[in-house]
Each structure stands twice: as C-alpha cells, then as structure tokens.
Amino acid sequence: MRHFSKIIFANPSTLLVVLLLLSLKTDPTLAQAKEFQWRTFLGYKSLTVDYDFIHDTHPDDFFLSNASVAGSAGTTEINGRKGYFSFGGGGTVSKGRNSYSVDLGILIGKYRDIEQNINDVRPPHNAAFIYSEINWGLFVAAAADYKISKSFRVGALAQLGGVFIESGWDRFNSDQSVQTNLELVPTIGPRIGFYIVEATVQFGKHVDYGVQAVINF
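In this text, all values refer to a predicted model and were calculated from it rather than measured experimentally.

### Some remarks on the overall build of the protein chain
Helices and strands together make up the secondary structure of the protein chain, namely three helices and eight strands. Its helices and strands taken in sequence order, the protein chain reads α-α-α-β-β-β-β-β-β-β-β from the N to the C terminus. Counting over 217 residues, the protein chain shows a buried share of 41%. Total accessible area on the protein chain is roughly 12,300 Å²; 63% of this is exposed by carbon and sulfur atoms.

### Observations regarding the pattern of salt bridges
Within this structure, the stated rule accounts for 13 salt bridges. Salt-bridge contacts for Arg-39 lead to Glu-198; the nearest nitrogen and oxygen are separated by 3.0 Å. Remark: Glu-198 occurs in strand S7 (residues 197-203) and Arg-39 occurs in strand S1 (residues 34-55); sequence separation between them is 159 residues. Across this residue pair, the class does not change: Arg-39 and Glu-198 are buried. Put simply, Lys-110 and Glu-133 hold a salt bridge, and the shortest N to O gap is 2.9 Å. Remark: Glu-133 occurs in strand S4 (residues 129-147) and Lys-110 occurs in strand S3 (residues 98-116); sequence separation between them is 23 residues.

### So, a nonpolar patch on the surface
On the surface, a nonpolar cluster with roughly 900 Å² of combined accessible area is contributed by Tyr-44, Phe-194, Tyr-195, Ile-196, Val-197, Val-201, Phe-203, Val-207, Tyr-209 and Val-211. Listed by contribution, the elements that provide at least two residues to the nonpolar patch are S7 and strand S8 (207-216). For Tyr-44, the position within the fold is in strand S1. The class of Tyr-44 is partly exposed, set by a relative accessible area of 37%.

### Focus on the pairing of strand S6 (residues 175-194)
Two elements, strand S5 (residues 152-170) and S6, share 19 bridges in a ladder whose sense is antiparallel. Each residue of the ladder has a partner; that of Val-154, found in S6, is Ile-192. Linkage of S5 to S6, two consecutive antiparallel strands, is achieved through a turn of four residues, within which Phe-172 is found at a positive phi near 55°. One ladder, built from five bridges, connects S6 with S7; its direction is antiparallel. Note that in S7 the partner of Ile-192 across the bridge is Ala-199. The hairpin turn running from S6 into S7, its antiparallel successor, is two residues long, and Tyr-195 in that turn takes a positive phi close to 55°.

### Quick word on the nonpolar core
Grouped together as the largest cluster of nonpolar side chains are 17 residues, with contacts concentrated most on Leu-47, Val-49, Tyr-84, Ile-134, Val-163 and Ile-165. When residues of this core are traced back to their parent elements, those giving at least two are S1, strand S2 (74-95), S4 and S5. For this core, the element with the highest residue contribution is S1, accounting for five residues. Non-local contacts of Val-49, meaning those with residues more than four positions away in its chain, are made with Ile-78, Asn-79, Gly-80, Ile-134, Val-163, Ile-165, Glu-183 and Val-185.

### Section: the pairing of S7
Side chains Glu-198, Thr-200 and Gln-202 project from S7 onto a buried face, and the interleaved Val-197, Ala-199, Val-201 and Phe-203 project onto a face without burial. With seven bridges connecting them, S7 and S8 associate as antiparallel partners. Across the sheet, Phe-203 pairs through a bridge with Val-207, a residue of S8. Linkage of S7 to S8, two consecutive antiparallel strands, is achieved through a turn of three residues.

Cut-offs used in this document
- Residues numbered from 1 in each chain as written.
- Predicted model: local features only at pLDDT ≥ 70, side-chain atom pairs only at ≥ 80, totals over all residues.
- Heavy atoms only, no water.
- Helix = DSSP H or I, 4+ residues; strand = E, 2+ residues; numbered from the N terminus.
- Buried < 20%, exposed > 50% of the residue type's maximum accessible area, 1.4 Å probe, protein only.
- Areas by Shrake-Rupley, 256 points an atom, 1.4 Å probe, with all protein chains shown as cover.
- Salt bridge = Lys/Arg side-chain N within 4 Å of Asp/Glu carboxyl O.
- Patch = residues over 30% accessible without salt bridge, like charges linked within 9 Å, V, L, I, M, F, W, Y side chains within 5 Å.
- Pairing = 2+ DSSP bridges.
- Core = buried A, V, L, I, M, F, W, Y, C linked by side-chain atoms within 4.5 Å.
- Contact = heavy atoms within 4.5 Å.

Structure (structure tokens):
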C-alpha cells in the first residue's frame, strides 16, 4: 500500500486516472441523478514560463556597432512564476456524487522586460531600447470531482495555459512590435472545492497554483 501511494503522488496523471475510476463506483440511486449547469468564475492563477528573445538592431540605428549583425541589440527575458487575474466560464455535468467540468478563461497580467541595446553606449535618455512584454493569456481546463459532503469535494484538474509575449523595439517610449509568441504551459494536479471556492496545485515543468470563486447557474 505504501508503494502504491508513492506511485500515485509521484505521478499526477496517475492520480487523475485513479479518481476517474473511483468515480464509477457511486451509489446506484445517486448515479441516476444527472444535471448540467453553466458556471462562471473569477480568481487568480499563476503560470510559469521560460522565455527569451534575441533582438536585432533597429534599421534606423544602423550607425550602432555591429548593427547589421543578427542579435546585435541583445536579449530580453521573462522567466519565472507570474500571477494573473483570471475569469471565464464553462459547464459542469453532475452524476450522483461525481461531477465533470470544462472551463475556458482569460488571464490578465502585465509583465515587461526592457533593456538598453548592448551595442549602444549612449546615455539612457538618448539610447535605443528593446523589450518583451506579457499583457494577457488564455487557458482551458478539464476536471473530475467527487463530492465528499454537500459543501466539500476533491478531484483532479488538467490545464493548458498560455500567454502571449510581444517582443520588439522601444522607440522613444513607443513600442514597435517585431514578433508575438504564444507560450503554452500544460499542467495537471489535485483540486479541492469548498462551497463556491476551488483551489488547485498544478504540476508540469514547474509548479503553479490557482484559486477561484465559482457561481453555477
């Protein structure tokens, strides 16, 4: 039993499969009750990305050192766990003590890295700058829960989150975009629910978390 527990908690995907299998063993009288509800939510999520962008020198700055060389302006980075305001909606199908939900949401958060060109030795007020910035993202999540009591439930959630990262030149305090990348972050982990509050810890390349208030209607 101890060995089995280590396998379950070492592999979050195994935990999700076990919870789904256990959900099939529900009281027959409860299993007859099926219900679909729309849901909306508002909360906070973290998402961890490892992103860097190598910048060329802006064409108008041709006089700078090695201006024609690729990557001569330097590199901007947005790394680590960042927090986002989240909101969206979805649906829940209930079958006895078991419920299955799918959510689609938006992430809002502003994170920016701005650097002076490495090939520009002029004072900052005259220098050329490069930037990378996050303003928003999206996520989709699917979960399976088991109701322990009227107000408390446990389950597992799989999530695919992503943020849009824009990179380019800062031209006299005005952004000139060069490229926008969507950085995707797949994760999976346990979820608990208490009344209208749901909380999760998500495991993937990094560890992230989320908490949200949910209204069903």
